Amino acid sequence: MEKKFITVIACFLILSCRNSESSIQAGKDWPTYGGNKAGNRYSPLDQINLNNVTNLEVAWMYNAAETPDNGDSKPKYPKAIQCQPIVIDGIMYGTTPDLKLFALDGGTGKQLWKFEPSKDGKSYKMINVNRGVAYWESGSDTRILYSAGSTVFCVNAKDGSLVPSFGQNGTIDLHEGLAPDSYHDVSKLSVSANTPGIVYKNLLIIGSAVSESGDAAPGSVRAFDIKTGKLQWVFHTVPHPGEVGYDTWPKDAWKNIGAANNWSGMSLDEKRGVVYLGTGSPASDFYGGNREGINLFSDCIMALDAASGKMNWYYQTIHHDLWDRDLPSPPNLTTVKHNGQMVDVMAQSTTAGVVSVLDRDDGPSIFT
């Protein structure tokens, strides 16, 4: 049953994109997670419409399901494909349930290459889900960046090989830059990234998925140089001494309280050079006796300068969260008419059932 479910999803995506024109600028491809960096999830394609959708036929099919290790017909663990593939110049890039990265010809479904992630010479198993990949190009240099487990892989988009000049032979460790002076040995804590980072110029800006228990790693947002893999900046979502928000926690909370992480993805206003994101609750969930205060920057909608990581503004949706009210999706950057004027806003859905619509420049709600 799971195999069929996975295959059908792959087929559906193919039907949606196979007739895309090769023009990112014209909005005919699907070049990033969410369709564009504003997170609008909109395509201008109109070849499939209400009048002809009932006439669709399968053009080709790519089976993303893979055989379990034990050779049985049923996997030993649940498998799912959560990846939203991207399409660049007619080539589809996506991941399998086993976190392998593939490139397909969008017109024929022919597999161009497949990359299998490994660490210390061992293949990854079902460590985490993957919801998408990021694409970067500079002239003829084209790269796909995605994560499996605690590793970000930088893969040549043309042939599926690792880019050796990036990090350590094409990889970086998502533990890098996470509070080396904390009470925990951060290198041994669970850190992954289910949702892809977002590309700003030569930077990959990325959040993380961490534990929700007392051993949670810090949820810091980071940026890495896509050419070299070097860490460029870190924003501490549990502030360090001297940083804004430090006094909203007990002393030295950053050393033993983790999470407050951006696991759901982010959006980017390239003209302003600002990245917008939402954070989750602090660890551990459902208990706050060890963290008196409003706990900035947990449960916050945030705007960070994309080049430096400096905070422009924040809007906290819940003070001192006890009920795991994470912000569950990337913001949607749009423009609305308000009081007779067009206003650039970001709209953020919440698990509390409220949509916050905030001015993109300085953060106030436009409806208060």
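Residues numbered from 1 in each chain as written. Predicted model: local features only at pLDDT ≥ 70, side-chain atom pairs only at ≥ 80, totals over all residues. Heavy atoms only, no water.

Regarding its fold elements, the protein presents 1 helix and 23 strands. Here the protein, with 368 residues, has 52% of them falling under the buried criterion. A separation of at least 24 residues holds for 54% of the contacts in the protein among residues at least 6 apart in sequence. Per element, the accessible surface of the protein, about 17,200 Å² overall, is 50% carbon and sulfur. (Helix = DSSP H or I, 4+ residues; strand = E, 2+ residues; numbered from the N terminus. Buried < 20%, exposed > 50% of the residue type's maximum accessible area, 1.4 Å probe, protein only. Contact = heavy atoms within 4.5 Å. Areas by Shrake-Rupley, 256 points an atom, 1.4 Å probe, with all protein chains shown as cover.)

The strands making up a sheet associate through backbone hydrogen bonding, with each pair oriented either parallel or antiparallel. With antiparallel pairing, the 3 strands of this open sheet are ordered in space as S21-S22-S23. Edge positions in the sheet fall to strand S21 (332-338) and strand S23 (355-359), since each has one partner strand and no second. When the angles between neighbouring strand axes are averaged without regard to direction, this sheet yields 40 degrees. Pairing geometry for S21 and strand S22 (residues 341-349), over 7 bridges, is antiparallel. Pairing of Thr 334 across the sheet is with Val 345, part of S22. (Pairing = 2+ DSSP bridges. Axes fitted to C-alpha atoms, helices over the stretch in contact; angles between N-to-C directions.)

Right, let's talk about the side chain of His 338 for a bit. Mapped onto the elements, His 338 comes out in strand S21. Only 2.6 Å separates the side chain of His 338 from the backbone oxygen of Ile 366, close enough to count as a polar contact. (Polar contact = N/O pair within 3.5 Å; in protein donor to acceptor, adjacent residues only side chain to side chain.)

The next subject is the pattern of salt bridges. On inspection of all chains with the given rule, the structure shows 8 salt bridges. Two residues, Asp 141 and Arg 143, come together in a salt bridge whose shortest N-O distance is 2.9 Å. Using a relative accessible area of 27% as the deciding quantity, one classes Asp 141 as partly exposed. Between Asp 269 and Arg 272 there is a salt bridge, with the nearest N and O atoms lying 2.8 Å from each other. In the salt-bridge network here, residues are joined through shared partners; they are Asp 269, Arg 272, Asp 344, Arg 360 and Asp 361. (Salt bridge = Lys/Arg side-chain N within 4 Å of Asp/Glu carboxyl O.)

On to the environment of Ala 134, then. With respect to the helices, strands and loops of the structure, Ala 134 is situated in strand S7 (residues 134-138). C-alpha separation for the pair Ala 134 and Tyr 146, spaced 12 residues apart in sequence, amounts to 6.4 Å. If we ignore the near neighbours within four places in the chain, the residues touching Ala 134 are Arg 143, Ile 144, Leu 145, Pro 196, Gly 197, Val 199 and Leu 204.

What follows is about the side chain of Asp 359. For Asp 359, the position within the fold is in strand S23. Arg 272 is the oppositely charged side chain nearest to the buried, salt-bridge-free Asp 359, at an N-O distance of 6.2 Å. Within the local environment of Asp 359, its side chain forms a polar contact with the backbone nitrogen of Asp 361, the two atoms lying 2.8 Å apart. The contacts of Asp 359, once residues within four sequence positions are left out, are Trp 313, Val 343, Asp 344, Pro 364 and Ile 366. (Lys, Arg positive; Asp, Glu negative; His and termini not counted.)

Once that is clear, we can look at the sheet that holds strand S13 (residues 203-206). Spatially, 4 strands are ordered S12-S13-S15-S16 in an open sheet, and the strand pairing comes out antiparallel. The open sheet is flanked by strand S12 (198-200) and strand S16 (231-235), the only strands paired with a single partner. Between one strand axis and the next, the sheet turns through 20 degrees on average, direction left out of account. Where S12 meets S13, 3 bridges bridge the pair, whose relative direction is antiparallel. In the sheet register, Val 199 faces S13, and the bridge partner there is Leu 204.

What follows concerns the confidence of the model for the protein. The predicted coordinates should not be examined in detail at positions where pLDDT is low. When pLDDT is averaged along the protein, the result is 88; 86% of the residues meet or exceed 70. Below pLDDT 50 for its whole length, residues 1-25 participates in 50 contacts with residues either more than four positions away or in separate chains. (pLDDT = per-residue confidence, 0-100.)

Moving on, we get to the packing of aromatic side chains. What the rule picks out here adds up to 10 aromatic pairs. Judged by centre distance (6.4 Å) and plane angle (85 degrees), the rings of Phe 115 and Tyr 146 are edge-to-face. Of this pair, Phe 115 sits in strand S4 (residues 111-115) while Tyr 146 sits in strand S8 (residues 141-148), placing them 31 residues apart in sequence. For the ring pair Phe 286 and Trp 323, a centre distance of 6.3 Å and an interplane angle of 50 degrees mean the geometry is tilted. Pair noted here: Phe 286 is in the loop between strand S18 (274-278) and strand S19 (300-305) and Trp 323 is in the loop between strand S20 (311-316) and S21, with a separation of 37 residues, a long-range link. For the pair formed by Phe 286 and Trp 323, the shared burial category is exposed. Aromatic rings pair up to connect Tyr 93, Trp 113 and Tyr 135 into one cluster. (Phe/Tyr/Trp six-rings, centres within 6.5 Å; stacked < 30°, edge-to-face > 60°.)

What follows covers the nonpolar core. Counting residues in hydrophobic clusters, the biggest one holds 24 residues, and the most contacted among them are Leu 145 and Leu 204. Put simply, the parts of the chain that give this core at least two residues each are S7, strand S9 (151-156) and S13. Residues in contact with Leu 145, not counting those within four places in the same chain, are Val 133, Ala 134, Trp 136, Phe 153, Cys 154, Phe 166, Leu 204 and Ile 226. Formed by 18 residues, the second largest nonpolar core is a distinct cluster that contains Leu 203, Val 221, Ala 223 and Trp 233. (Core = buried A, V, L, I, M, F, W, Y, C linked by side-chain atoms within 4.5 Å.)

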